[in-house]
Amino acid sequence: MFVLDDVTKRYVTKRHGRRGKEVVAFRADHLDIPVGSYTAIVGPSGSGKTTLLSLFGGMLSPTTGRVHFDGRSLYDMPVAQRTRLRRTRIGFVFQTFNLVPYLTALENVEIPLSLIGKSASQQRCRAEALLRRVGLEDRMDHQPGELSVGQQQRVALARTLANEPEVILADEPTGNLDPDSRAAVLAFFDEMHRDGRTIVMVTHDAAAAARAASNLSLRDGVLSASSRLLDVA
Ligand code: ADP
Ligand code: MG
């Protein structure tokens, strides 16, 4: 589904400029995320996890190298095409949920549906079904501030699933959760994987990563197969 590569066989990198100094946030010579796989990428804070997910998600172009999505180079296509692809085929889950505070749970889930031009009734119908699926049928009219942290993450998951994305990119999705909410969210990831979606989760939570079929580790921006992956390879 995703391939990081460079025709010249140099590293795929992302350098962040910081007050004249450059920070290499990420580099890898090759990475192939197969369709339908569930991959966890584990690394400590500052190791380049968010940078890597942003490269995959069409939100940040690499400084060198290419990111291929489904056989096409993400950052060589026109911006409008990349935006469309991101809205229709890729779903994001953020550590801090990124819900709009003044909208209700229902309205938050409707946003991605409205962005791809669904009618108001289609938006409502689908958003209600999704919130029921994550067990929030009695919280649809609540704003994020009126929901527990675990409930907020479930609203965010419902929003992620709104456009039936083939790929879910999750940035430390359990980082802020209590143990029960964490278990519930991880169970949803298992379910999304069983539904055939490709999942890439970055995390510093080794127990969360253990749920994935394959693990990679990221340290100081350098990606390597973890011992678990080598065991099964
Ligand atoms: P993680 O998500 O694993 O905590 P990040 O991908 O956010 O790591 O960051 C990797 C490195 O790149 C860090 O050293 C961070 O300080 C640096 N970095 C991230 N974003 C920027 C930016 N916009 N400008 C400058 N440096 C950045
Ligand atoms: Mg991060």
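Residues numbered from 1 in each chain as written. Chains lettered and ligands numbered in written order. Predicted model: local features only at pLDDT ≥ 70, side-chain atom pairs only at ≥ 80, totals over all residues. Heavy atoms only, no water.

Chemist: Where do I start with the packing of helix H5 (residues 149-161) against helix H6 (residues 179-194) in this structure?
Modeler: Relative placement of two packed helices is described by the angle separating their axes and the distance separating the axes. Taken N-terminus to C-terminus, the directions of H5 and H6 make an angle of 15°; their axes are 9 Å apart at the nearest point. Taken together, the axes of H5 and H6 are roughly parallel relative to one another. Helix-helix and strand crossings are classified by hand; for H5 and H6 the assignment is right-handed. Counting all contacts with H5, which are made through Gly150, Gln153, Arg154, Leu157 and Leu161, the residues of H6 involved are Ser181, Val185, Phe188, Phe189 and Met192. (Axes fitted to C-alpha atoms, helices over the stretch in contact; angles between N-to-C directions. Helix = DSSP H or I, 4+ residues; strand = E, 2+ residues; numbered from the N terminus. Parallel < 35°, antiparallel > 145°, perpendicular 65-115°, else oblique. Left-handed = near helix turned anticlockwise from the far one by under 90°. Contact = heavy atoms within 4.5 Å.)

Chemist: Explain helix H1 (residues 49-56) here, please?
Modeler: Think of an α-helix as turning once every 3.6 residues; residues three or four places apart then point the same way. The buried fraction of H1 is high, at seven of eight residues. Residues of H1 that are buried: Lys49, Thr51, Leu52, Leu53, Ser54, Leu55 and Phe56. (Buried < 20%, exposed > 50% of the residue type's maximum accessible area, 1.4 Å probe, protein only.)

Chemist: Is there a simple way to think about the pairing of strand S11 (residues 214-219) in this case?
Modeler: Successive side chains on a regular strand alternate, one facing one side of the sheet and the next facing the other. The pairing of strand S5 (residues 38-42) with S11 spans four bridges and is parallel. By the bridge assignment for S11, Ile41 is matched with Leu216. As paired strands, S11 and strand S12 (residues 222-225) are joined by four bridges and run antiparallel to one another. Within S12, the residue paired with Leu216 across the bridge is Ala225. In textbook terms, the turn of a hairpin is the stretch between consecutive antiparallel strands, and for S11 and S12 this stretch comprises two residues, one of which, Asp220, has a positive phi near 50°. (Pairing = 2+ DSSP bridges.)

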